[in-house]
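Structure at a glance
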Amino acid sequence: MRPSAILFDLDGTLVDSERIGLDVLYDQALAWGLPWSREEAHIRFRGVPMAHCVADIARHVPAGAPDLDEVLFLKDLRVAMAAQFRLQLTEIPGARALLQSLPMPFAVATNGPREKAELTLSLTGMRDLLGDRIFCAPDVGSYKPEPGLFHHAAQALGCHSAHCAVVEDSLPGLLAGLAAGMQVFSLHAPQGLPTEVARQVVFIEGLADLQARLLNAGAD
């Protein structure tokens, strides 16, 4: 059944910012004795609010090292990320074409701050397609994997949560969509997901695959 509205995560779902941002986070954290490899850091922090990532890094600063100033670290991290976004950021293949083709209301619902969403959507040419339908966890006061952000966005679109779909690429986002009672499309491969989560989501190969599924559902 075709959903009445669709909510999109942003980082790693519409814009290819996940790798860039996590690389910057990893590089910044190395100076503080980050105990994980780059790959381990990506797995650990993917889809996690950045303030939570910084707090986790602070907890793992080696004994005897100076305390990490989380506020200053996060501020410098945001500046460094924005600089790399301006140099490297692209859309996830098919993102703009998908948004332009959707016959139902859609929105972005992201754990990131509004300034980051505004920047990344503008750099990839999708900002004008969203209007006022950008919902950010810091504004709403609910972060994935909690379902509150998705409930808020669905209500703003005038859609009951049960008739709304979510497109996500991270475990926290998938959990939030399932907790909200929504149909969940996953760009995250089945590998690495808990079996119970993998059983409940619809795996898609990419945004073009999602576009084809929605068109076929409409034809039915």
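See the structure above.
Right, let's walk through the structure included here. (Residues numbered from 1 in each chain as written. Predicted model: local features only at pLDDT ≥ 70, side-chain atom pairs only at ≥ 80, totals over all residues. Heavy atoms only, no water.)

Because side chains alternate across strand β1 (residues 5-8), one face comprises the buried residues Ala 5 and Leu 7, and the other comprises Ile 6 and Phe 8, equally buried. Relative to strand β4 (residues 164-168), β1 is paired through four bridges, and the arrangement is parallel. What sits directly across from Ala 5, in β4, is Cys 164. The pairing of β1 with strand β2 (residues 106-110) spans three bridges and is parallel. Bridge pairing in β2 links Phe 8 to Val 108. (Buried < 20%, exposed > 50% of the residue type's maximum accessible area, 1.4 Å probe, protein only. Helix = DSSP H or I, 4+ residues; strand = E, 2+ residues; numbered from the N terminus. Pairing = 2+ DSSP bridges.)

Our focus in this paragraph is helix α1 (residues 18-30). Between its first and last C-alpha atoms α1 spans 18 Å; for 13 residues at 1.5 Å apiece the expected length is 18 Å, and the two agree. Turning to α1, its buried residues number three or more, namely Glu 18, Ile 20, Gly 21, Leu 22, Asp 23, Val 24, Leu 25, Tyr 26 and Ala 29. (Expected span 1.5 Å × (residues − 1).)

Tracing the sequence through the fold places Ser 170 in the loop between β4 and α9 (171-179). Take Ser 170: its relative accessible area is 3%, and that puts it in the buried class. Filtering out sequence-adjacent residues up to four positions away, Ser 170 remains in contact with Arg 46, Gly 47 and His 188. (Contact = heavy atoms within 4.5 Å.)

Let us now look at the environment of Ala 154. Among the structural elements, Ala 154 can be located in helix α8 (residues 148-156). Judged by relative accessible area, Ala 154 falls into the buried class, the value being 0%. As a C-alpha pair, Ala 154 and Arg 19 span 135 residues in sequence and 28 Å in three-dimensional space. Beyond its immediate stretch of four places on either side in the chain, Ala 154 contacts Leu 7, Cys 159, Ser 161, Cys 164 and Met 182.

With that settled, consider the nonpolar core. Membership of the largest hydrophobic core comes to 50 residues, with the highest contact counts inside it found for Phe 8, Leu 14, Leu 25 and Leu 102. In this structure, Phe 8 is in contact with Thr 13, Leu 14, Leu 98, Leu 99, Leu 102, Phe 106, Ala 107, Val 108, Ala 109, Val 167 and Leu 210, ignoring residues within four places of it in sequence. Counting 17 residues, the second-largest nonpolar core is a separate cluster that includes Ala 154, Cys 159, Ala 176 and Ala 180. (Core = buried A, V, L, I, M, F, W, Y, C linked by side-chain atoms within 4.5 Å.)

Pairs can form between side chains of opposite charge once their charged atoms are near each other. Inspection of every chain in the model, using the stated rule, returns 13 salt bridges. We note a salt bridge from Asp 23 to Arg 38, for which the minimum N-O separation is 3.1 Å. Residue Asp 23 is found in helix α1, and its partner Arg 38 is found in helix α2 (residues 38-45); the two are separated by 15 residues along the sequence. Its relative accessible area of 33% is what places Arg 38 among the partly exposed residues. By sharing partners, the salt bridges in this structure join Arg 19, Asp 23, Asp 27 and Arg 38 into a single network. (Salt bridge = Lys/Arg side-chain N within 4 Å of Asp/Glu carboxyl O.)

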